Amino acid sequence: MQKAVSKTMKNIVEAYGIAARASKLNAQARFEAFEKVISFCESDDVCSVADTVQRNMLLFWAYNNLAEVKFAEKKYGDALDLWYKSSSLLKESDAKIALGTKMLDSADKGAFSIPEKAKRIFLIAGYLQEAYREKGDYESASRLDRLKKTADYLLHSSERKN
């Protein structure tokens, strides 16, 4: 079994390497190249179920590159969705905090309805709150609890109006 895992990891590394070289091209070529990395891993029997640091980081970087392209195109909802998909791939609290900050920026800039924006902010704040707790930064976690409560209030007050 070990041989199969290392063979797959070599292939995803190669796929990522090809994508990284292609990313020097225009945004569309960059998007397509990193999309192929994700597609490769999803369709590969071993890669799709592997839970290794190497595989998770390569997939995170691929998702992050896709999201960066969408963010640059001002497609904030698409960027946010891609970052959210990648959020479970990170293990370190500092990396989660950096990602959560990008997600909040995207949610802030996106043209969402009030209920949709409140829902997204509530989920992101929960993600960030957990990361800050993991880091031992309970003051920041407490501030995010207030943000969650505000988003929850907006979400429920807009539901009552509709």
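Relevant structure appears above.
All values reported here derive from a predicted model rather than from experimental measurement. (Residues numbered from 1 in each chain as written. Predicted model: local features only at pLDDT ≥ 70, side-chain atom pairs only at ≥ 80, totals over all residues. Heavy atoms only, no water.)

Q: Any chance you could explain the pattern of salt bridges here in plain terms?
A: One pass over the full model with this rule turns up 10 salt bridges. Among the salt bridges present, the one from E73 reaches K70, with a minimum N-O distance of 3.7 Å. Overall, the relative accessible area of 33% leaves E73 in the partly exposed class. Here K70 falls in the buried class, since its relative accessible area comes to 15%. Residue D81 pairs with R120 through a salt bridge whose shortest N-O separation is 3.0 Å. Remark: R120 occurs in helix α6 (residues 114-135) and D81 occurs in helix α4 (residues 76-86); sequence separation between them is 39 residues. (Salt bridge = Lys/Arg side-chain N within 4 Å of Asp/Glu carboxyl O. Buried < 20%, exposed > 50% of the residue type's maximum accessible area, 1.4 Å probe, protein only. Helix = DSSP H or I, 4+ residues; strand = E, 2+ residues; numbered from the N terminus.)

Q: So what exactly am I meant to see when it comes to the packing of aromatic side chains here?
A: Aromatic rings considered in pairs are described by the distance between their centres and by the relative angle of their planes. Under the criterion given, the structure shown has 2 aromatic pairs. For the pair F71 and Y76, a centre-to-centre distance of 5.0 Å together with 70° between the ring planes defines the contact as edge-to-face. On the numbers, 5.9 Å between centres and 50° between planes, the contact of F71 with W83 is tilted. Of the two residues, F71 sits in helix α3 (residues 53-72) while W83 sits in helix α4, which places them 12 residues apart along the sequence. As far as burial versus exposure is concerned, F71 and W83 are alike and both buried. Among the aromatic residues, those joined into a cluster by ring pairs are F71, Y76 and W83. (Phe/Tyr/Trp six-rings, centres within 6.5 Å; stacked < 30°, edge-to-face > 60°.)

Q: I keep staring at unusual backbone geometry and nothing clicks. Help me out?
A: Note on backbone geometry: most residues besides glycine have negative phi, and most peptide bonds are trans. Not every positive phi belongs to a glycine, and K74 is a case in point at roughly 65°. Looking at the element boundaries, K74 is found in the loop between α3 and α4. K74 gets classed as exposed once you look at its relative accessible area, which sits at 60%.

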